[in-house]
Amino acid sequence: MDCWGQHDKGGVMVTPPPLKNDCFALPPGVDWTPVDDALAQLKSALRCVVSTETVDISKARDRFVAQDVIAPRASPPKANSAVDGYGFAEDVATDGQEVVFHGPLKLGANTRKAGEDVQPANVMLTTGQRLRATDLSLAASVGISQIECFRRLRIGVLSTGDEVCDVTQSAAPHQIYDANRPMLLSLIAAWGFVAVDLGHVNDDRDQLRERLDHAQENVDVLLTSGGASAGDEDHLSALLSETGSIEFWRIAVKPGRPLAMGMWGAMPIFGLPGNPVAAATCAMIFARPSFNVLAGGHWMTPQSYWVKASFEKRKKPGRREYLRARLIGDQVEVFKSEGSGRISG
């Protein structure tokens, strides 16, 4: 039998169909989920999962406000001078009691009115707002030293797969080093959350179940890479299916596509693709705004800009593609590499 040509079955020549060469081909009746639809579903389904605590303003940077902050007094509390004393002593004369000078002087010049910045009972900071350095300065200006905040969201990162090896160990010839976990932990920390390294687990369903049980005692939400598809060794999807909580999306996005969402007890789980670039893209596009909501903040939509492209790009209809690029002058230039496993781009 010719594996690549025609098949002879009892004298009848069977011609195989041409290869579609389309990794986006799905079975009839199964559709890709558009990016915006997936984001809308996440936004509507997620809720805050952390408790609140009182935080000194010296430690409140990047925390989410748990209840509106009301000004207890005005700022400034009284009318005052906007400058210290007076200048140009060659321009005035004084006898120690009075200062005299030639006018005219504009009424109210270089003065501040009482409450011109903040009025008593004003709402200065709102629930769900992420605290910046200037917000803390505003609170301090009216005598507020502590703010009721949501506790920092603890995000665990777990890698899965027999083919993955921790970078501190020696990889076998068939293994690849775990490039996802250091990246995801770093991203989480940069976003202002608590990153918890949960290590790596092999393709063993019982071991993974034990690791998930342990994780829910130590983190608020779990981020995994690998094991989120529908293969025989995709044990995360299988375990979440047993609980009946899994949402498995084939998202019309490149890089990315498979994204699993589920609950293990009270712990939300985001199952990212295994390829590093796809994992990073899905983490930034889908996980980051979700983390804001889980942490008590508001859904975050990335700022976008229209800029000139110094390149041409063709893509499949209905699929959104995220390209690695840089801004050169007033034009965008893409890097040559687009592969989901090619981190160097």
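A brief report on the enclosed structure follows. Note that this is a predicted model, so its numbers are computed, not measured.

Description of the overall build of the chain
Here comes step 1: Helix and strand content of the chain: 6 helices and 23 strands.
Here comes step 2: With 345 residues in all, the chain has 36% of them scored as buried.
Here comes step 3: Considering only contacts in the chain between residues 6 or more positions apart, those separated by 24 or more positions represent 68%.
Here comes step 4: Just so you have it, the chain exposes about 20,800 Å², and 52% of that area is on carbon and sulfur atoms.

Observations concerning helix 2 (residues 133-141)
Here comes step 1: The set of residues buried in helix 2 consists of Asp135, Leu136 and Ala139. For helix 2, the angular spread of the buried residues around the axis is 100°, confining them to a single face.
Here comes step 2: Contact partners of the buried residues in helix 2: strand 9 (123-125) and strand 10 (146-150).

Notes on the pattern of salt bridges
Here comes step 1: Counted under the stated rule, the structure contains 15 salt bridges.
Here comes step 2: Between aspartate 220 and arginine 154 there is a salt bridge, with its nearest N and O atoms 3.1 Å apart. Of the two residues, aspartate 220 sits in the loop between helix 4 (205-215) and strand 15 (221-225) while arginine 154 sits in strand 11 (residues 154-160), which places them 66 residues apart along the sequence.
Here comes step 3: The class of aspartate 220 is buried, set by a relative accessible area of 8%.
Here comes step 4: With a shortest N-O distance of 2.7 Å, aspartate 197 and arginine 181 are connected by a salt bridge. In this pair, aspartate 197 is assigned in strand 14 (residues 194-201) and arginine 181 in helix 3 (residues 180-190), connecting sequence segments 16 residues apart.
Here comes step 5: Judged by relative accessible area, arginine 181 falls into the buried class, the value being 8%.
Here comes step 6: Overlapping salt bridges bring together Asp166, Asp178, Arg181 and Asp197 as one network.

Things to note about the pairing of strand 19 (residues 267-272)
Here comes step 1: By the criterion of burial, strand 19 is predominantly enclosed, with 6 of the 6 residues buried.
Here comes step 2: Side-chain alternation along strand 19 places Met267, Ile269 and Gly271 on one buried face and Pro268, Phe270 and Leu272 on a second face that is also buried.
Here comes step 3: Remark: 2 residues form the turn of the hairpin made by strand 18 (residues 258-264) and strand 19, two consecutive strands paired antiparallel; glycine 265 in that turn has positive phi of roughly 65°.

Quick look at the nonpolar core
Here comes step 1: Ranked by internal contacts, the top residues of the largest apolar core, which has 38 residues, are Leu153, Phe193, Leu223, Phe270, Phe286 and Phe291.
Here comes step 2: Taken together, the elements giving at least two residues each to this core come down to helix 1 (35-45), strand 11, helix 3, strand 15, strand 18, strand 19 and helix 6 (276-294).
Here comes step 3: Among the elements that make up this core, the one with the highest residue count is helix 6 (9 residues).
Here comes step 4: What leucine 153 contacts, discounting residues up to four positions off in sequence, is Val49, Val50, Phe193, Val194, Asp220, Val221, Phe291, Leu294 and Ala295.
Here comes step 5: Grouped together as the second largest cluster of nonpolar side chains are 16 residues, Ile57, Val65, Val118 and Ile147 included.

Observations regarding the packing of aromatic side chains
Here comes step 1: Inspection of every chain in the model, using the stated rule, returns 3 aromatic pairs.
Here comes step 2: Ring geometry for tryptophan 191 versus phenylalanine 291: centroids 6.4 Å apart, planes at 55°, classification tilted. Taken together, the positions of tryptophan 191 in the loop between helix 3 and strand 14 and phenylalanine 291 in helix 6 put the pair 100 residues apart, joining distant regions of the chain. Phenylalanine 291 shares its class with tryptophan 191; the two are buried.
Here comes step 3: Seen from their ring centres, phenylalanine 193 and phenylalanine 291 are 6.0 Å apart, and the 80° between their planes marks the pair as edge-to-face. Within this pair, whereas phenylalanine 193 is found in the loop between helix 3 and strand 14, its partner phenylalanine 291 is found in helix 6, the two being separated by 98 residues in sequence.
Here comes step 4: By relative accessible area, which is 7% here, phenylalanine 193 ends up buried.
Here comes step 5: The structure contains a cluster of three or more aromatic residues connected by ring pairs, namely Trp191, Phe193, Phe270 and Phe291.
Here comes step 6: Against the face of phenylalanine 193 rests arginine 130, its NZ or CZ located 5.2 Å from the ring centre.

Examining the sheet that holds strand 20 (residues 308-309)
Neighbouring strands of a sheet are bound in pairs by backbone hydrogen bonds; such pairs are parallel or else antiparallel.
Here comes step 1: Strand order in this open sheet of 3 strands is 20-23-22, and the pairing throughout is mixed. On the outer flanks of this sheet lie strand 20 and strand 22 (325-328), each paired with one strand and no other.
Here comes step 2: In terms of strand pairing, strand 22 meets strand 23 (residues 331-334) through 4 bridges, oriented antiparallel. Residue pairing for strand 23: arginine 326 is matched across the bridge by glutamate 333.

A short note on the side chain of serine 159
Here comes step 1: Secondary-structure assignment places serine 159 in strand 11.
Here comes step 2: A distance of 2.7 Å separates a polar atom in the side chain of serine 159 from a polar atom in the side chain of aspartate 178.
Here comes step 3: For serine 159, the residues in contact, after removing those within four places along its chain, are Asp178, Arg181, Gly199, His200, Val201 and Ser225.

A look at the environment of lysine 308
Here comes step 1: Structurally, lysine 308 is set in strand 20.
Here comes step 2: Put simply, lysine 308 and leucine 327 are 19 residues apart on the chain and 9.4 Å apart in space, counted from C-alpha to C-alpha.
Here comes step 3: Those residues within four positions of lysine 308 in sequence are excluded, and the remaining contacts are Asp330, Gln331 and Val332.

Scoring rules and cut-offs
- Residues numbered from 1 in each chain as written.
- Predicted model: local features only at pLDDT ≥ 70, side-chain atom pairs only at ≥ 80, totals over all residues.
- Heavy atoms only, no water.
- Helix = DSSP H or I, 4+ residues; strand = E, 2+ residues; numbered from the N terminus.
- Buried < 20%, exposed > 50% of the residue type's maximum accessible area, 1.4 Å probe, protein only.
- Contact = heavy atoms within 4.5 Å.
- Areas by Shrake-Rupley, 256 points an atom, 1.4 Å probe, with all protein chains shown as cover.
- Arc of directions from axis to C-beta.
- Salt bridge = Lys/Arg side-chain N within 4 Å of Asp/Glu carboxyl O.
- Pairing = 2+ DSSP bridges.
- Core = buried A, V, L, I, M, F, W, Y, C linked by side-chain atoms within 4.5 Å.
- Phe/Tyr/Trp six-rings, centres within 6.5 Å; stacked < 30°, edge-to-face > 60°.
- Lys NZ or Arg CZ within 6 Å of the ring centre and 35° of its normal.
- Polar contact = N/O pair within 3.5 Å; in protein donor to acceptor, adjacent residues only side chain to side chain.

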